[in-house]
Amino acid sequence: TYGHSFDDVFEHVDPIALGSASIGQVHRATLRQNVVDKLSHQRQTPVPKQVAVKIMHPKSLRRFENDFQVFRWLCRVALPNWLPFLGSFEKQIRTEFDYRQEAENLRQVRENLGRSPYAHRIAVPQAIHELCTEHVLVMEMLHGSKLVDGMTNKLVAAIGGDPVVVKEALRKKREAFVLGRTEESDQNSMQQRWTQIAGDQKMGFGRQIGSSVRLMSLYFEIRRYLDLLVDLHGHQIFVNGCFNADPHPGNILLLDDGRLGLIDFGQVRRLTHQERFDFATVVKAIATDADASTVANAMKKCGFETKFSRQDVLVEIASLFFDCDTKAKALGYPSPQIYFRHLTEIDPLLKVPDGAAFVARASFMFRGMGLIIEHNIRTAKQWKDHAIQAIESMTTKNAKTKEPVPV
């Protein structure tokens, strides 16, 4: 769209990718100074010289279509409880195949962030719209390292263990979470396990004390970062109505200036006022420990529909989608997925509101990150204030404009 070749625009593009995924890969690059000057003049705002360039793999859309067709067939045969979600997921994933849309996502999320209480703690890269095409995304380069890598290195330093052993232990914890084998535990048992992994039992008493202090300090540092991310996404979902539906931990950076950086906004979901109001009502009901009838009715108004309309099933699905899987663990189910399958066998899920699956996906991913560090996250509890703010804001706004309140 800029009307020039790569060589006209870029002074240098690093041939080694910073990262690669199924759809595309990202390279570090430097813009030519005349391009920076021209764009800065046109925008009346500075344009960064150091950028990240995301390039789509050839024929990636065709590969996705083929893969998704196979996945759809697999769900019909082996995972029928997933069928209500497939249409929404396919539609959402298809938005990733036009990088101009991701550039617009970056613009809106960044604009919302600038007006939020999180503006000084979290960064989102600036998209250079004039240089973006369907298959190329040019954006500001955020300087830092992946949060996962930074915290892993700090963990190695804290417990004084073998880096290979510690990283393998973390890999196994992530795998255990995916397979439903992760168990909750208190901070003391977490500390004991990590010190055992590091071989702390062979240390002198003084070194053990020092290692324990560093480990607990690191635990609370990671917890603060994670709670900040959960809080931010609650604000984005309920206040902004615009959030990343795929907050993958690999796309969270620890920047050199101490802020967190968020990248990869291909799957941004926008919620209508009605969706925000409905989801906020369910989250408020869960977070305030409302009775089962209140939660079930909120789920029905939200658009959830099951074959037999069992109140107990709707309440448990609400918890799984928007809060936690505490009851599943108490009943001995090894994973929320298996418990969800059990619930849908009792009372088949016929309809899921379009945006709910993506709010649930964000909730599930943050809960999974928490379990890896053995921090039990209840997203409804942490999102309660944002949900209440959204309900009150929409109610007040509609009262002033004399428009009907979402119901």
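All figures in this text were calculated on a predicted structure; none of them were measured in a lab.

Student: Lay out the overall build of the chain with the relevant residues and their values.
Tutor: Looking only at helices and strands, the chain features 16 helices and 13 strands. The burial tally for the chain puts 49% of its 407 residues in the buried class. The long-range share in the chain, meaning contacts at least 24 apart out of those at least 6 apart in sequence, stands at 71%. Accessible surface computed for the chain: about 20,100 Å², of which carbon and sulfur atoms make up 54%.

Student: Mind laying out the pairing of strand β3 (residues 24-31), listing which residues take part and the relevant values?
Tutor: In this structure, strand β1 (residues 10-13) lies alongside β3, joined through three bridges in antiparallel fashion. Bridge assignment links V13 to a residue of β3, and that residue is A29. As judged from the two bridges shared by strand β2 (residues 19-20) and β3, these two strands associate in the antiparallel manner. Across the sheet, the residue bridging to G19 is V26, located in β3.

Student: How would you explain the pattern of salt bridges if you had to name every residue and give the values?
Tutor: Following the criterion strictly, the structure yields 21 salt bridges and no others. Measuring nitrogen to oxygen at the nearest pair gives 3.6 Å for the salt bridge that ties R361 to D246. Within this pair, whereas R361 is found in helix α15 (residues 356-372), its partner D246 is found in the loop between β8 (242-244) and β9 (252-255), the two being separated by 115 residues in sequence. For D323, the salt bridge is made with R378, and the minimal N-O distance between the two is 2.6 Å. Separated by 55 residues along the polypeptide, D323 in the loop between α12 (311-322) and α13 (326-330) and R378 in the loop between α15 and α16 (379-401) bring together distant segments of the chain. Residue R378 is classed as partly exposed on the basis of its relative accessible area, which comes to 28%.

Student: Can you break down the sheet that holds strand β7 (residues 144-146) residue by residue, with the values?
Tutor: Read from one edge to the other, the open sheet built from four strands follows the order β5-β10-β9-β7, with strand pairing classed as mixed. Each end of this open sheet is capped by a strand with a single partner; those strands are β5 (122-123) and β7.

Definitions and cut-offs
Residues numbered from 1 in each chain as written. Predicted model: local features only at pLDDT ≥ 70, side-chain atom pairs only at ≥ 80, totals over all residues. Heavy atoms only, no water. Helix = DSSP H or I, 4+ residues; strand = E, 2+ residues; numbered from the N terminus. Buried < 20%, exposed > 50% of the residue type's maximum accessible area, 1.4 Å probe, protein only. Contact = heavy atoms within 4.5 Å. Areas by Shrake-Rupley, 256 points an atom, 1.4 Å probe, with all protein chains shown as cover. Pairing = 2+ DSSP bridges. Salt bridge = Lys/Arg side-chain N within 4 Å of Asp/Glu carboxyl O.

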